[in-house]
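What follows is the residue order along each chain.
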Amino acid sequence: MRDNVIIWWVLTAFFALVGVVYTGWNILAHPGLPLVNQIEWVGTVALFFSAFMGAMVAFYLDRTHKAQNGELPEDILTSDIDDGDPELGEFSPWSWWPLVLAASAGVFVVGLAVGHFLLPIGLAIFVVAIVGWVYEYYRGNFAR
């Protein structure tokens, strides 16, 4: 995790440096205008906001790393797979319901863009898919 913290701080420094260069370049490129009009505000704000967001992620990861009181098995090169947490949850690699959920989101978004008559169709597909995904272990080959 320490490597992730370093990468995010490097990204923060990169976006801040590029923001300064971008803003300075715009000021130098338009010498006859007032200062408010010399700065291209959309790019400047986007670059400094990206630096701010990178700093937030780096700070969070740094605090999380210090709260762990040591390295995770994933961060140690000599660790085995068994050294990590054995219980990661229950997953369904054979399930088709996530694909149906994605299709319902696609139909809904296309309905927002093209025609509103597709919105209830996308919502209906979503309801069927979410019920199917939740209850897939209660019927068929994998029923309990």
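Conventions adopted
Residues numbered from 1 in each chain as written. Predicted model: local features only at pLDDT ≥ 70, side-chain atom pairs only at ≥ 80, totals over all residues. Heavy atoms only, no water. Helix = DSSP H or I, 4+ residues; strand = E, 2+ residues; numbered from the N terminus. Rg over C-alpha atoms; globule rule 2.2 N^0.38 Å. Buried < 20%, exposed > 50% of the residue type's maximum accessible area, 1.4 Å probe, protein only. Contact = heavy atoms within 4.5 Å. Areas by Shrake-Rupley, 256 points an atom, 1.4 Å probe, with all protein chains shown as cover. Lys, Arg positive; Asp, Glu negative; His and termini not counted. Charge placed at Lys NZ, Arg CZ, Asp CG, Glu CD. UniProt positions renumbered as here; feature names shortened; annotations may be inferred. Domains from an automatic or database assignment. Salt bridge = Lys/Arg side-chain N within 4 Å of Asp/Glu carboxyl O. Patch = residues over 30% accessible without salt bridge, like charges linked within 9 Å, V, L, I, M, F, W, Y side chains within 5 Å.

**Describing the overall build of the protein chain**
Counting its secondary structure elements, the protein chain contains five helices and zero strands. Compactness check: the protein chain gives a C-alpha radius of gyration of 25 Å against a globular reference of 15 Å for 144 residues, more than 25% above the reference. Expressed as a percentage of its 144 residues, the buried residues of the protein chain come to 22%. Counted over contacts in the protein chain with a minimum sequence separation of 6, partners at least 24 positions apart contribute 62%. Carbon together with sulfur atoms contributes 73% to the accessible area of the protein chain, which is approximately 10,900 Å² in total. Each charge class in the protein chain was averaged separately, 5 positive and 13 negative side chains, and the resulting centres sit 8 Å apart.

**Topic: the UniProt feature "transmembrane region" (unreviewed entry) in the protein chain**
What UniProt calls "transmembrane region" (unreviewed entry) maps, in this numbering, to residues 6-29, 41-61 and 121-138. Note that residues 6-29 is 100% helix and 0% strand, and that its end C-alpha atoms are spaced 34 Å apart. Taken end to end, residues 41-61 is 100% helix and 0% strand, and its two terminal C-alpha atoms sit 30 Å from one another.

**Section: the domain arrangement of the protein chain**
Domain parsing of the protein chain yields domain 1 (1-74) and domain 2 (95-133). For domain 1 and domain 2, the distance between their C-alpha centroids amounts to 37 Å.

**Thoughts on the environment of T78**
As for its placement among the helices and strands, T78 is situated in the loop between helix 3 (41-67) and helix 4 (97-113). Look at T78 and you get exposed, because its relative accessible area is 70%. Here the alpha-carbon distance between T78 and W25, two residues 53 residues apart in the chain, equals 48 Å.

**Thoughts on the pattern of salt bridges**
Taken as a whole, this structure holds two salt bridges when the rule is applied. Between D62 and R2 there is a salt bridge, and its shortest N-O distance comes to 3.2 Å. Pair noted here: D62 is in helix 3 and R2 is in helix 1 (residues 2-29), with a separation of 60 residues, a long-range link. Taking the relative accessible area as the measure of exposure, D62 reaches 13% and is therefore buried. Among the ionic pairs, D62 bridges to K66, the shortest N-O distance being 3.5 Å. With D62 and K66 both in helix 3 and four residues apart, the pair spans about one turn of that helix. In the salt-bridge network here, residues are joined through shared partners; they are R2, D62 and K66.

**With respect to a nonpolar patch on the surface**
Nonpolar side chains collect at one region of the surface, where F108, V109, L112, L123, F126, V127, V131, V134, Y135 and Y138 lie side by side and expose about 980 Å² of accessible area between them. Sorting the residues of the nonpolar patch by element identifies helix 4 and helix 5 (118-134) as the ones contributing at least two each. By secondary structure assignment, the location of Y138 is in the segment after helix 5. Residue class for Y138 comes out exposed when judged on its relative accessible area of 63%.

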